[in-house]
Amino acid sequence: MTVWGFGQKSKAMREIVDVTVIGAGVVGLAVASEVAGKKRRVYVLEKNDTFGQETSSRNSQVIHAGLYYPPGSLKARTCVEGNRMLYAIGVRNGVAFKKLTKVVIATNEWEVGKLEALRKNGMDNGVKGLRLLSRHETKKLEPNVKAIAALFVPSTGIIDGHGLMKYFLQKAKDKGAQVVYRSKVTGIAKTNTGYWVEVQEARERFNFLTRTLINCAGLGADEVAAMPGIDITKAGYRLHYCKGEYFSVSGGKGKLVKRLVYPVPLPELAGVGIHVTLDLDGRMRLGPGVEYIKEINYKVEEKKKPFFYESVKNFLPDLALEDLEPEMAGIRPKLQGSGEKQKDFVIHHETDKGLPGLINLVGIESPGLTASPAIAKMVGNMVNEIL
Ligand SMILES: Cc1cc2nc3c(=O)[nH]c(=O)nc-3n(C[C@H](O)[C@H](O)[C@H](O)COP(=O)(O)OP(=O)(O)OC[C@H]3O[C@@H](n4cnc5c(N)ncnc54)[C@H](O)[C@@H]3O)c2cc1C
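Predicted model, so just to flag it, every value in this text is computed and none were measured.

(A) Molecular detail of the overall build of the chain. Across its full length, the chain holds ten helices and 20 strands. Taking 387 residues into account, the globule formula puts the C-alpha radius of gyration at 21 Å, and the chain, at 22 Å, falls close to it. With respect to the three principal axes, the spread of C-alpha positions in the chain is 70 × 40 × 40 Å. When the 387 residues of the chain are sorted by exposure, 55% land in the buried category.

In structure tokens, the structure reads:
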């Protein structure tokens, strides 16, 4: 594909791009939709054939409330703001969503204490409407769930992730951004006025100059960050892949719950625990699991079915092992390795590393889908200060 002289090396070298976004997942597209316009020349470069082929299409599609993250962290702030923004986008632009609400359930006294801590953390983050429920109140909301108490979270919902990406893509294009597929960024070099970007297309390699560069490369964000010479180990940008598998629940059992049902997260968990989610068509699934892996692979192993079943049977006793079917998997780009403390998103303008105009987004794991419009707003402000 030849766009704007891409592929015609000499022409591309003459034209200077204002903003280049690397990656057309939900974050890259949200960022492009925010920074485009203002007579800026904006490119989005994506290595795959189309947008949203990686983590943004392999997740629970939950609009998170913002319960779990440390107050003041980027995860907390962008999640709570993104939650409000996503519902507004859904209402105004016809992106399908359902405000299903959620319960975090306790099955023993120790977990009841954790619910109170979670409620306080959520309130500190600005999550509205959190309410502790008694056994009786929980039973009334979810008759098939066995719990002695629960935390009710009214602002949790689900959204059509693909529809959301289509909305951001169209908005970016309407504002003049060019989205170029099958174009993998393979090199970045700083110049006096910006960055040379080297791109591998299907058959050829070419370069162009950009004044600002925004790295939204998801699972490849550490590799991209290393290209202009950042020591990613020293900077704390090295990613660890953490796979999350899902099992779907077939037949009538899919109607056992009416809202999202989560266990209390255990401290050592790298996720929030195997939970019960529903999609927009009301189909139920269990997941995601947590498994650190070295190489990207999306296979869901049938042999893990008993583990998923055991994880929920305590609070969903009517479920049977044979109701579960392997469904899909996603991979979290985590900044922390197995057993390490949770780390925050990196959203950083790299002036302190001598790289002005370069903004790295690294470790955008959950709640990245929820946070995407708020992240885009933040990055948009950074770009306004640069250009
Ligand atoms: C199992 C699981 C469950 C989750 N559940 C939720 C949830 O319920 N709610 C929520 O809010 N969040 C959830 N998340 C997190 C959310 O999915 C991610 O935070 C979000 O999708 C990240 O979007 P992204 O655009 O940064 O990454 P991606 O979608 O991975 O996009 C990055 C893009 O960059 C491209 N790219 C990479 N390298 C290059 C290169 N060199 N040149 C060009 N292009 C490149 C890739 O091809 C890709 O298209 C979940 C994540 C997982 C794994």
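Right, picking up where we left off after that structure.
(B) Focus on the domain arrangement of the chain. Domain boundaries assigned for the chain yield domain 1 (9–56 + 162–235 + 342–386) and domain 2 (98–156 + 239–334). Taken together, the contacts link eleven residues of domain 1 with ten residues of domain 2. Here domain 1 is connected to domain 2 by one salt bridge. Residue lysine 334 pairs with glutamate 365 through a salt bridge whose shortest N-O separation is 2.5 Å.

(C) Main features of the sheet that holds strand β3 (residues 62–63). Pairing is antiparallel in the open sheet, where three strands are placed in the order β3-β8-β4. Both outer strands of the open sheet, β3 and β4 (97–98), are each paired with one neighbouring strand and no more. The pairing of β3 with strand β8 (residues 157–159) spans two bridges and is antiparallel. When the bridges of β8 are listed, isoleucine 63 appears paired with glycine 157.

(D) How the structure looks around unusual backbone geometry. Backbone torsion omega between glycine 287 and proline 288 reads -15 degrees, so that peptide bond is classified as cis. Looking at the secondary structure, you find proline 288 in the loop between β16 (284–287) and β17 (291–293). In the segment running from serine 366 into proline 367, the intervening peptide bond is cis, with an omega of 10 degrees. With respect to the helices, strands and loops of the structure, proline 367 is situated in the loop between β20 (358–362) and α10 (368–386). Positive phi, close to 60 degrees, is recorded for lysine 39, a residue that is not glycine. Positionally, lysine 39 belongs in the loop between α2 (26–35) and β2 (42–45). Backbone geometry at threonine 101 places phi at a positive 75 degrees, although glycine is not the residue there.

(E) A look at the packing of α2 against helix α6 (residues 161–174). Interhelical geometry of α2 versus α6 gives an angle of 30 degrees and a closest axis separation of 8 Å. Like other packed secondary-structure pairs, α2 and α6 cross with a definite hand, here left-handed. Here Val26, Leu29, Ala30, Ala32 and Ser33 of α2 lie close against α6, whose contacting residues are Leu164, Met165, Phe168, Leu169, Lys171 and Ala172. In terms of residue class, the contact of α2 with α6 is made up of nine nonpolar, one polar and one charged.

(F) Molecular detail of the packing of helix α3 (residues 74–93) against α6. In contact at an axis separation of 12 Å, α3 and α6 are set at 75 degrees when each is read in the N-to-C sense. Classified by the angle between their axes, α3 and α6 sit roughly perpendicular to one another. Here Leu86, Ile89 and Asn93 of α3 lie close against α6, whose contacting residues are Leu164, Tyr167 and Phe168. By residue class, the composition of the contact of α3 with α6 is five nonpolar, one polar and no charged.

(G) Examining the site of the ligand more closely. Taken together, 39 residues lie near the ligand, and Glu46, Ser56, Val62, Ile364 and Thr370 sit nearest. With respect to the ligand, the side chain of serine 366 contributes an N or O atom lying 3.5 Å from a nitrogen atom. Within the backbone of glycine 368, an N or O atom sits 3.4 Å from an oxygen atom of the ligand. Here the ligand, which alone exposes 1,000 Å², has 98% of that area covered by the protein. Those elements giving two or more residues to the shell around the ligand turn out to be α2, β10 (184–190), β18 (324–334) and α10. In terms of residue class, the shell around the ligand is built from 16 nonpolar, 16 polar and seven charged.

Rules used throughout
- Residues numbered from 1 in each chain as written.
- Predicted model: local features only at pLDDT ≥ 70, side-chain atom pairs only at ≥ 80, totals over all residues.
- Heavy atoms only, no water.
- Helix = DSSP H or I, 4+ residues; strand = E, 2+ residues; numbered from the N terminus.
- Rg over C-alpha atoms; globule rule 2.2 N^0.38 Å.
- Buried < 20%, exposed > 50% of the residue type's maximum accessible area, 1.4 Å probe, protein only.
- Domains from an automatic or database assignment.
- Contact = heavy atoms within 4.5 Å.
- Salt bridge = Lys/Arg side-chain N within 4 Å of Asp/Glu carboxyl O.
- Pairing = 2+ DSSP bridges.
- Axes fitted to C-alpha atoms, helices over the stretch in contact; angles between N-to-C directions.
- Left-handed = near helix turned anticlockwise from the far one by under 90°.
- Nonpolar A, V, L, I, M, F, W, Y, C, P; charged D, E, K, R; others polar.
- Parallel < 35°, antiparallel > 145°, perpendicular 65-115°, else oblique.
- Near = heavy atom within 4 Å.
- Polar contact = N/O pair within 3.5 Å; in protein donor to acceptor, adjacent residues only side chain to side chain.
- Areas by Shrake-Rupley, 256 points an atom, 1.4 Å probe, with all protein chains shown as cover.

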